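# Coordinate inspection notes
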Amino acid sequence: MVNPSIETRIREMAITLPPAPTPFGTYSEAVRSGALLFLSGMLPVVDHEPIYLGRVGSELSIREGYDAARIACMNGISAARAHLGSLDYINRIAKLGVYIAAPEDFRDHPKVADGASDLLMELFGQALVPPRIVLGVSSIPLGMPIEVELVFETDMQ
């Protein structure tokens, strides 16, 4: 284990991760290829129930979008832990993608995506903050406002 501080940091911060998400269709939540762990798109759900529905900048505020991105990212972290057995096997966050359902004239995508980025920085530290892509889209499955994509590099082969 390369970074045993991640699980310790979560305990010290008194963060309770939600149960690992389960698929809404026919796909895998996580697949490891070599040292990389690829996660399916993570949504802002808890126990398979949406926390937010709608588009950011229309039905939802920037703050609600930020919270939705944080919840979706928490689900990704839970999925990674369930697949790896421990987050301490993570060496790096190789990619963060944040897809935001928003109207065409919405311009505050970075503020919303920071919900996921800020959580990753809190848990994994500044050194592991990933590169990211942030995209505005017309819709996300099931009417949700956010979908988060994560790729982790692990010390497992």
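These lines cover the structure that appears in this document, whether it is placed above or below. Note that the coordinates shown come from a computational prediction; the quantities given were computed from them, not determined experimentally.

Conventions and cut-offs
Residues numbered from 1 in each chain as written. Predicted model: local features only at pLDDT ≥ 70, side-chain atom pairs only at ≥ 80, totals over all residues. Heavy atoms only, no water. Helix = DSSP H or I, 4+ residues; strand = E, 2+ residues; numbered from the N terminus. Buried < 20%, exposed > 50% of the residue type's maximum accessible area, 1.4 Å probe, protein only. Pairing = 2+ DSSP bridges. Axes fitted to C-alpha atoms, helices over the stretch in contact; angles between N-to-C directions. Parallel < 35°, antiparallel > 145°, perpendicular 65-115°, else oblique. Contact = heavy atoms within 4.5 Å. Nonpolar A, V, L, I, M, F, W, Y, C, P; charged D, E, K, R; others polar.

## Quick word on unusual backbone geometry
In this model, aspartate 47 sits at a positive phi of 55°, which is unusual for a non-glycine residue. Tracing the chain through its elements places aspartate 47 in the loop between strand E3 (45-46) and strand E4 (49-50).

## Some words on the pairing of strand E2 (residues 36-39)
Of the two faces of E2, the one holding Leu37 and Leu39 is buried and the one holding Leu36 and Phe38 is not buried anywhere. Where strand E1 (residues 30-33) hands over to E2, the hairpin turn is made up of two residues, of which glycine 34 adopts a positive phi near 60°. As judged from the three bridges shared by E2 and strand E7 (residues 146-154), these two strands associate in the antiparallel manner. Looking at E7, one finds that leucine 36 is bridged to glutamate 153.

## Some remarks on the packing of helix H1 (residues 5-12) against helix H3 (residues 109-124)
Between H1 and H3, the least distance of the axes is 8 Å, while the angle of their chain directions is 105°. The pairing of H1 with H3 is recorded here as roughly perpendicular in orientation. Here H1 contributes Ile6, Arg9 and Ile10 to the contact with H3, which in turn contributes Met121, Glu122, Leu123 and Phe124. Tallied by class, the residues present in the contact of H1 with H3 amount to five nonpolar, no polar and two charged.

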